[in-house]
Amino acid sequence: MKKEKLIEEIKELKKEKKAVILAHNYQPDEVQEIADFVGDSLELSRKAAEVEADIIVFCGVHFMAETAKILAPQKKVLMPDLRARCPMADMLTGKDLRWMKEQNPGRKVVAYVNTTAEVKAETDVCCTSANAVKVVNSLPDEEIIFVPDRNLADYVAKKTGKKLIVWDGCCPIHEKIRVKDIEEQKRLHPEAEVWAHPECRPEILEKVDRILSTGQMIKEAPKSLAREIIVATEVGILHRLRKENPDKKFYPAQEKAVCRNMKKTNLEKIYQALLKEKPEVMVEREVAERAKEAINQMVRYV
Ligand code: 13P
Ligand code: SF4
């Protein structure tokens, strides 16, 4: 089917089935364009819980759709391609976390939202990159288990002064961005500010002007006095940054920072998902119930 026709059909099916399309900031441009709402992990979780719809077509990676299903169990959550998973989330299993808890008795667990529902079920509070510092500061404990991203953990530990017991996980996409890439972009654009996502390596975070979640980058860009910004995160974010700030210039710190899983969604798969109402994301009831409180707490912190 031609692109225009696909878009038309998707809009029709959405209306007919009372469906909404939620898309992450890293989704392909054409998916962002057709979405009802585009945002970061925290914004999408909130949206999933509050939006009035019978069906959510979640365009992102699996843990995000799973989180949406846990927050909105009465809605049908579809994922255009169930194979779109987050490699970082798959670096830690429920069994691994149970082992960490056994090794560190009495320690609270903060888990990044980039985890499976099984891991969230073993967690006290979840967080996203937008509120990780606030969530950790909200706990009275000085020593906390923080999983699975070692880079986010390092950043949060420095910001809060707390001792974090970490798992050796990371985002392979953000780890592709190296100091030499930032230096090269700075050489090409000496006036530009550098903004980075906290999943970047610590040596990158030490060098940048601002450390922000993808949603925070979108909010801060129009307010910033900088006219040029080098962006150290997945390149999908550039679509919205450029579209919403035509007076500014945005450069990728590393143009190979592409999350292949985020790019598995396309218009054809969205159309098929809406038409057939599958693949559907399901979470076992017992796991969902245990994970829900940790996610609910995360959603409370801005
Ligand atoms: P955000 O919460 O900033 O959207 O990040 C999610 C993610 O997967 C980053 O790689
Ligand atoms: Fe996971 Fe990294 Fe892709 Fe984000 S960019 S979804 S952390 S692999």
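These figures come from a predicted structure and were not determined experimentally.

A word on the overall build of the protein chain
Each helix and strand counted, the protein chain has 14 helices and twelve strands in total. For 302 residues, the compact-globule estimate of 2.2 N^0.38 gives 19 Å, and the protein chain sits close to it at 19 Å. Once the C-alpha set of the protein chain is aligned to its principal axes, its extents read approximately 55 × 50 × 30 Å. Considering only contacts within the protein chain whose residues lie at least 6 apart along the sequence, 63% involve residues at least 24 apart.

Notes on the packing of aromatic side chains
Per the stated rule, a full pass over the model turns up zero aromatic pairs. In this arrangement the basic side chain of Lys47 is found over the ring face of Phe37, its NZ or CZ atom lying 4.7 Å from the centre. The ring of Trp195 has Arg210 sitting right over it, with the charged end atom 5.4 Å from the ring centre.

Considerations on the packing of helix H3 (residues 41–50) against helix H4 (residues 62–71)
Two elements in contact, H3 and H4, have axes separated by 8 Å at closest approach and are oriented at 35 degrees. Between H3 and H4 lies a crossing whose hand is right-handed. On the side of H3, the interface is formed by Ser41, Ser45, Ala48 and Ala49, while H4 contributes Met64, Thr67, Ala68 and Leu71. Class assignment of the residues belonging to the contact of H3 with H4 gives a composition of five nonpolar, three polar and no charged.

Brief notes about helix H8 (residues 150–160)
Taken together, the buried positions of H8 are Asn151, Leu152, Ala153, Tyr155, Val156 and Thr160. Looking at the buried positions of H8, the neighbouring elements they touch are strand E5 (108–112), helix H7 (132–138), strand E7 (143–147), strand E8 (163–166), helix H10 (202–205) and strand E10 (210–211).

Parameters at a glance
Residues numbered from 1 in each chain as written. Chains lettered and ligands numbered in written order. Predicted model: local features only at pLDDT ≥ 70, side-chain atom pairs only at ≥ 80, totals over all residues. Heavy atoms only, no water. Helix = DSSP H or I, 4+ residues; strand = E, 2+ residues; numbered from the N terminus. Rg over C-alpha atoms; globule rule 2.2 N^0.38 Å. Contact = heavy atoms within 4.5 Å. Phe/Tyr/Trp six-rings, centres within 6.5 Å; stacked < 30°, edge-to-face > 60°. Lys NZ or Arg CZ within 6 Å of the ring centre and 35° of its normal. Axes fitted to C-alpha atoms, helices over the stretch in contact; angles between N-to-C directions. Left-handed = near helix turned anticlockwise from the far one by under 90°. Nonpolar A, V, L, I, M, F, W, Y, C, P; charged D, E, K, R; others polar. Buried < 20%, exposed > 50% of the residue type's maximum accessible area, 1.4 Å probe, protein only.

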